[in-house]
Amino acid sequence: MMQEHNWSGPSGESDEDPEVPSTGLLIIRTWHEPGHPQGFRARITYGQNAGRGPNIVSTADPAEVLKVVKRWLAAQPGVTGRN
C-alpha cells in the first residue's frame with residue numbers, strides 16, 4: 001500500500017531555475033503497531049527543492065522503503081550511473 005506523490009525526474013528534465021541550487025531532504029520514520037498482522041509501518045517524507053512542499057509516502061512494506069530511497073537518491077543532482 002504505497003502512496004506516491006510527484007516524483008521528480010532526473011536533473012535536466014525539470015523546469016527548475018538552474019541558478020537556484022537544488023537541495024534534498026529525506027526522512028524515514030518507522031514504527032511497529034502491536035496487534036496488527038504486519039506491524040511494520042514507515043512514513044517517508046522527502047523533497048527536492050526548498051520552494052516546494054514535501055512529498056509523503058506511507059507503506060507497510062520494507063521493500064517499498066528501499067525502492068523510494070533508491071529513486072530519491074537517483075534524482076539527486078550530481079548522481080552518476082542512474083538506474
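Please refer to the structure placed before this passage.
Just so we're clear, the structure is a prediction, and the values are computed from it rather than from any experiment.

Peer 1: Looking at this model, I keep getting lost on the packing of aromatic side chains. Mind explaining?
Peer 2: Any pair of aromatic rings gets described here by the distance separating the centres and the angle formed by the planes. Applying the stated criterion across every chain, the model contains zero aromatic pairs. Just above the ring of tryptophan 31 sits the side chain of arginine 29; from NZ or CZ to the centre is 4.4 Å.

Peer 1: What should I look at first to understand the sheet that holds strand β1 (residues 25–32) in this one?
Peer 2: Think of a sheet as strands paired side by side through backbone hydrogen bonds, with each pair either parallel or antiparallel. Strands sit in the order β1-β2-β3 across an open sheet of three strands; the sheet is antiparallel. At either margin of the open sheet sits one strand with a lone partner, and together these are β1 and β3 (55–59). Across the sheet, the axes of successive neighbouring strands diverge by a mean angle of 15 degrees, strand direction being ignored. With eight bridges connecting them, β1 and strand β2 (residues 40–47) associate as antiparallel partners. Note on β2: the bridge partner recorded for threonine 30 is alanine 42. Across the sheet, helix α1 (residues 62–74) lies against β1, β2 and β3, angled at about 10 degrees from β2, the strand it touches most.

What counts, and at which threshold
Residues numbered from 1 in each chain as written. Predicted model: local features only at pLDDT ≥ 70, side-chain atom pairs only at ≥ 80, totals over all residues. Heavy atoms only, no water. Phe/Tyr/Trp six-rings, centres within 6.5 Å; stacked < 30°, edge-to-face > 60°. Lys NZ or Arg CZ within 6 Å of the ring centre and 35° of its normal. Pairing = 2+ DSSP bridges. Helix = DSSP H or I, 4+ residues; strand = E, 2+ residues; numbered from the N terminus. Axes fitted to C-alpha atoms, helices over the stretch in contact; angles between N-to-C directions. Contact = heavy atoms within 4.5 Å.

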